Amino acid sequence: MFIPHTDKERQEMLKTIGKDSIKALFTDIPESKRFPVFDLPKGISEMDAYKQMSMLADANNSCEEMISFLGAGAYHHYIPAAVDLLLQRGEFFTAYTPYQPEISQGTLQAIFEFQSLIANLTGMEVSNASHYDGATAAAETCITAYYHFRKKRGNIILSPFIHPHYLETIKTYLQAIVEIEVRIPNISKPADFLESTRQLVDENTALVMVQYPDFLGNILDYSELSSFTHENGSLFAAIVYPIALGMLKSPAKMGADFIVGEGQSLGLPLNFGGPYLGFFTTRKIFIRKISGRIVGETKDEDGKRGYVLTLTAREQHIRRGKATSNICTNQGLNALAVSIYLSLLGKQGLNEVAKQCFHKAHYAASQIEKIKGFTVLNEHPFFNEFVIQCPSNVKKIQSNLLKRGILAGYNLESDFSSRKNQLLIATTEQLTREDIDFFVESLREATNV
């Protein structure tokens, strides 16, 4: 172990901050919790450890072994073999922070390409280097809007049809800023959000945020909502499912100021919940207010193209208390995976993936509606997810289908008490017609048990 400081240096530092010992630094922590004794098992060999970890891994059900109709923010898309092949090259396996461009051109260019691809996909002018996940990107959008108005506008209006985990993340993020009030209208229909926003919006409103398609899969045109929001002098943001942008009109054409979302579906495996990647795009006017890294293209003293971190004065290591965010990092390796995935598919490939997701969802919905007692509840066009009302206990249905190797959607009652016995069904290009027919037949039989 390398310990850089001498005892004398440590004593000098303690004296400077008015402490007489290192233990005195921990007085804010309850004494019983300061130095806990961990009852850890004895060490074992690598071979035994491998066996134990394999046993634990075998207890998980993988989407490679199951037929998955689960979505709700994380999706089982096909990842071309070339993504991992390129990603696992040794040159990319670095955690180095690219502050020194003279030795980081590869990493910086990879981030720059990611930014360019995401900006092109969303139709926006600016992308940052990525965030930790989609929920973080959504929360940082609220922070950006708040600072854009120089803290003079503190109301954030959120659609109740945003992913419930995103809503919780946003509220957690903003709870320490007392000037911010998060408003979520109590409505049951997505189409009512425009009217509820008209009632909630005021001169103190900084941002109105929606999800597209929304958490229940609905596709709505938010052009009118965006126009109304801007007429009030407020900003408009959309959380998007990036695969859908291969087929649907981007919120950029509806006048969105920010388009953010989760990038997992663009070449990242499910990985039991992460690590994922949040993308964040906006208009150029907000570039000095956004959080996260930004890589820019420049020229060196010989006139050759190069890449550097730019506009870094926004960040906490320079601005300190005046920084608009404490996020000075990005999901570098995951961003590279997304770049490879989008480059491999191209515009036509992404459009084909989107179409398959869309058509398979509508085929599944049409077949489920033929089962006695089942109803598709979506009143609007939907993309690759839709809600079904089941005639009996959802947990029992899920359990019965699990025995057949089917992950039968997401139980909405876990997040919405009013949505009893409702399942959110998702489809991707991975599902075949035979998979869907087997799912439908299994649903029919599960309700007759």
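Residues numbered from 1 in each chain as written. Predicted model: local features only at pLDDT ≥ 70, side-chain atom pairs only at ≥ 80, totals over all residues. Heavy atoms only, no water.

### What about helix α9 (residues 223–231)?
Regarding α9, the residues found buried are Leu225, Ser226, Phe228 and Thr229. Looking straight down α9, one finds its buried side chains confined to an arc of 165°; they lie on one side. On its buried side, α9 packs onto α8 (193–200), β5 (205–212) and β6 (235–240). (Buried < 20%, exposed > 50% of the residue type's maximum accessible area, 1.4 Å probe, protein only. Helix = DSSP H or I, 4+ residues; strand = E, 2+ residues; numbered from the N terminus. Arc of directions from axis to C-beta. Contact = heavy atoms within 4.5 Å.)

### Comments concerning a nonpolar patch on the surface
Together, Ile17, Ile22, Leu25, Phe26, Ile29 and Phe35 give the surface a local cluster of nonpolar side chains, amounting to about 560 Å² of exposed area. Tracing the backbone through its elements, the reader meets Leu25 in the loop between α1 (7–16) and α2 (31–34). What makes Leu25 partly exposed here is its relative accessible area of 44%. (Patch = residues over 30% accessible without salt bridge, like charges linked within 9 Å, V, L, I, M, F, W, Y side chains within 5 Å. Areas by Shrake-Rupley, 256 points an atom, 1.4 Å probe, with all protein chains shown as cover. Salt bridge = Lys/Arg side-chain N within 4 Å of Asp/Glu carboxyl O.)

### Let's talk about the environment of Pro80
Assignment of secondary structure puts Pro80 in the loop between β1 (67–68) and α4 (81–87). By relative accessible area, which is 17% here, Pro80 ends up buried. Separated by 265 residues in sequence, Pro80 and Leu345 have C-alpha atoms that sit 9.0 Å apart. Leaving out residues up to four positions away in the same chain, Pro80 has contacts with Tyr341, Leu344 and Leu345.

### Quick word on helix α13 (residues 433–446)
Every α-helix carries 3.6 residues per turn, so stepping three or four residues along brings you back to the same face. Spanning 14 residues, α13 covers 20 Å between terminal C-alpha atoms, matching the ideal 20 Å at 1.5 Å per step. Of all the positions in α13, only Asp435, Ile436, Phe439, Val440, Ser442, Leu443 and Ala446 are classed as buried. For α13, the arc enclosing every buried residue in end-on projection is 165°, short of the 170-degree limit, so these residues lie on one face. Exposed and facing more than 90 degrees away from the buried side of α13 are Arg433 and Glu434. Contact partners of the buried residues in α13: β1, α11 (332–368), β12 (385–389), α12 (394–402), β13 (406–407) and β15 (422–426). (Expected span 1.5 Å × (residues − 1).)

### Side note on the sheet that holds strand β8 (residues 278–282)
On the basis of which strands lie adjacent, the open sheet formed by 7 strands has the order β2-β8-β7-β6-β5-β3-β4 and mixed pairing. Each edge of the open sheet carries a strand with a single partner, namely β2 (126–127) and β4 (181–183). Relative to β6, β5 runs parallel, the two being bridged by 6 bridges. In the strand pairing of β6, Met209 is matched with Ala237. Contacts between helix α7 (residues 164–174) and the sheet are confined to β3 (155–158), β4, β5, β6 and β7 (258–262), with β3 contributing the most and set at about 170° to the helix. Docked against the sheet, α8 engages β3, β4 and β5, running at close to 170° with respect to β5. (Pairing = 2+ DSSP bridges. Axes fitted to C-alpha atoms, helices over the stretch in contact; angles between N-to-C directions.)

### A few points about the sheet that holds strand β11 (residues 375–376)
Reading across from one edge, β11-β12-β15-β14 is the order of the 4 strands in this open sheet, with antiparallel pairing throughout. Of all strands in the sheet, those with a lone pairing partner are β11 and β14 (410–411), marking the two edges. Bridging between β12 and β15 involves 5 bridges; their strand directions are antiparallel. Looking at the pairing, Gln389 lines up with Gln422 of β15.

In short, shape yes, function no, at least from these values alone.
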